[in-house]
Amino acid sequence: MSDTGSGPPIGSYAVDTHSGRVGRVMGHEGPYVQLRPVGGGREWDCVPDSLRAATTIERLRAATAYENARSRGEVP
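Numbering of residues starts from 1 in each chain and follows the order in which that chain's sequence is written. Local features in this predicted model are restricted to residues whose pLDDT is 70 or higher, and side-chain atom pairs enter the listing and the counts only when it is 80 or higher, whereas totals over whole chains, interfaces and linings include all residues. With hydrogens and water set aside, each side-chain value is computed from the structure's full complement of heavy atoms.

*Asks:* Just to check I follow, could you spell out the environment of R36 for this structure?
*Replies:* Relative to the helices and strands, R36 resides in strand β3 (residues 32-37). In this scheme, a residue with accessible area under 20% of its type's maximum is buried, one over 50% is exposed, and one in between is partly exposed, where area comes from a 1.4 Å probe on protein chains only. We classify R36 as partly exposed; its relative accessible area is 30%. Note: C-alpha distance between R36 and R24 (12 residues apart in sequence) is 5.2 Å. Contact definition: two residues touch when any of their heavy atoms are within 4.5 Å. Aside from chain neighbours lying at most four places away, what touches R36 is G23, R24, M26, G41, E43 and W44. The definition of a polar contact used here is a pair of N or O atoms within 3.5 Å, where within protein one atom must be able to donate a hydrogen and the other to accept one, and adjacent residues in sequence count solely through side-chain atom pairs. Within the local environment of R36, its side chain forms a polar contact with the side chain of E43, the two groups lying 2.6 Å apart. Secondary structure elements follow DSSP: runs of H or I of four or more residues count as helices, runs of E of two or more count as strands, with numbering from the N terminus.

This is how it looks when you write it as structure tokens:
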């Protein structure tokens, strides 16, 4: 159950099914859920109907992709 009653709970990980991106739920603003990419970065808004809970494998893949990009100097 979420803090606002609609959408996933803050701090959980979700997949934006429109983009395939995995993000951490940072908040709920109006009809949107705000997600932040694994490893940090700019948040994006997503409608709750386009979200599903991220699996452990999806979270690990996103974290590994971020760490690999960081080691190549592609992200800070």
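*Asks:* Hey, could you run me through the pattern of salt bridges in this one?
*Replies:* Charged atoms that come close allow side chains of opposite charge to pair. Any Lys or Arg side-chain nitrogen found within 4 Å of a carboxyl oxygen on Asp or Glu counts as a salt bridge. Summed over the entire model, instances satisfying the criterion amount to four salt bridges. Across the pair R72 and E74 runs a salt bridge, and its minimum N-O distance is 2.8 Å. Summarising the burial analysis for this pair, R72 and E74 share the class exposed.

Functional significance is not addressed by these values, which are geometric in nature.
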